[in-house]
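Reading the structure
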Amino acid sequence: MNTPAPRIAIIGAGPGGLTCARILQRQGIPVTVHDLDASRTSRHQGGTLDMHPGTGQHALRAAGLWDAFTALSRPEGEQMRLVSRDGRVLIDAVPAQDGQGKPEIDRGQLRDLLLDSLEPGTVRWGHQLTHAEPLGEGTHRLHFADGSTADADLVVGADGAWSKVRRLVSDATPVYTGVTFVETGLDDADHRHPERAALTGNGTMMALDNNQGIIAQRNSGGHIRVYIGMRTDEDWYQRRNLDLNDNQAVREALLKEFTGWGDDLLGFITDTDTGYTNRPLHALPVPHIWPHTPGVTLLGDAAHLMSPFSGMGANLAMRDGADLAAALIEHPSTDDAITAYEDILFPRSSEAAEGAAEGINSAFAPDSATQALAHMTRNH
């Protein structure tokens, strides 16, 4: 008698969850993805990502999407520029265009690529998980905000920083890193903001000094995404009685914070086309491991949320998704597959998270300008 296929439910339609679903479907293994967004277009997906050879690129190849990815990617986006607080370019690292690097792709383009590769109906939109109810023997009943339920033999928490699935295996919660980004952006930058576009180059421009930073990141479609970073209290705006919806007030507050910086860099603050979004950066404790729990596992930020200064978040999530899918394909028992996957996941994510913590602490330090210059000089 054939054993019925396990009911696999992935919570979260981010890069990691979608990668896992794609690889499973290629092997004929049924899977359902539940996402809280009302549709694939209901929320902007954010900036650009560089795909690393051993993680994101590995996952794309395992998913059979490498050629489609290369048609969308921007190898020139690997360019990395370090700029002093007065606007002087200190290092301009232009990558060799030999196909061996870490090409960039917009998050939205990557997500669409993965979504389009799935069988129709795989993703259940508008399914916001409220809680998962253990039914015994590794089975869980998923309860969604719209009142619907679904039973699963394996629940994969791919639901990000504030994961609901994580509560089934761990009581860890993300902690504020001490650094906040205020995100803004420039549209049609080459024409509307030529000076800012020229300073940014084709990839990423970073100016870091004395616990502060201005980071500009080239996206497709002429857009430049800007992150204004500060080591500050999480409630920095409340202490200033600042309304984050008042663009003029936020602009003036940021200009005051960055007194003494060069006009070329201050233009990234003043010349916004998108307004300002406050983004405090959080991370999970390191290491974040949990006891083996039948019928549940985590991947991506749900498992190892870390600062973006690792450059590894989406890459690790996709490699997690690929490794979990490979374990489920290889092992007849879901329980054995979870164990095999977590044996790989824990040491890898702990090492990456330690590096990310070191990265943000050096980028937002009193001597961050000196540290950044030394780091880029060594690596380029």
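Figured I'd write up the structure that's included with this text. Everything numeric here is computed off the predicted structure, so don't read it as measured data.

Quick look at the environment of asparagine 241
Summarising the element assignment, asparagine 241 is placed in the loop between helix 7 (236-239) and helix 8 (247-257). Remark: the alpha-carbon pair of asparagine 241 and histidine 58, spanning 183 residues in sequence, is separated by 47 Å.

Quick look at the sheet that holds strand 5 (residues 89-93)
The mixed open sheet is built from seven strands, whose spatial order is 5-4-13-14-15-12-16. This sheet does not close on itself; its edge strands, each paired only once, are strand 5 and strand 16 (277-283). Neighbour-to-neighbour, the strand axes of this sheet turn through a mean angle of 20 degrees, independent of strand direction. Of the strand pairs in this sheet, strand 12 (residues 175-186) and strand 16 are connected by six bridges, and their pairing is antiparallel. Along strand 16, the bridge assignment pairs valine 175 with alanine 283. Of the strands in this sheet, strand 4 (80-83), strand 12, strand 13 (204-209), strand 14 (212-218) and strand 15 (224-231) are in contact with helix 9 (residues 263-270), which crosses strand 14 at around 70 degrees.

Examining the pattern of salt bridges
Enumeration according to the criterion identifies 22 salt bridges in this entry. Across the salt bridge formed by aspartate 151 and arginine 141, the nearest N and O atoms sit 2.7 Å from each other. Highlighted residues: aspartate 151 in strand 10 (residues 149-152) and arginine 141 in strand 9 (residues 139-144), separated in sequence by ten residues. Linking arginine 196 and aspartate 271 is a salt bridge whose minimum nitrogen-to-oxygen distance equals 3.1 Å. Separated by 75 residues along the polypeptide, arginine 196 in helix 6 (residues 194-200) and aspartate 271 in the loop between helix 9 and strand 16 bring together distant segments of the chain. Note on arginine 196: relative accessible area 10%, which makes it buried. With a relative accessible area of 24%, aspartate 271 lands in the partly exposed category. Taken together, the shared-partner salt bridges in this structure form one network comprising Arg319, Asp320, Asp323 and Arg348.

Thresholds applied
- Residues numbered from 1 in each chain as written.
- Predicted model: local features only at pLDDT ≥ 70, side-chain atom pairs only at ≥ 80, totals over all residues.
- Heavy atoms only, no water.
- Helix = DSSP H or I, 4+ residues; strand = E, 2+ residues; numbered from the N terminus.
- Pairing = 2+ DSSP bridges.
- Axes fitted to C-alpha atoms, helices over the stretch in contact; angles between N-to-C directions.
- Contact = heavy atoms within 4.5 Å.
- Salt bridge = Lys/Arg side-chain N within 4 Å of Asp/Glu carboxyl O.
- Buried < 20%, exposed > 50% of the residue type's maximum accessible area, 1.4 Å probe, protein only.

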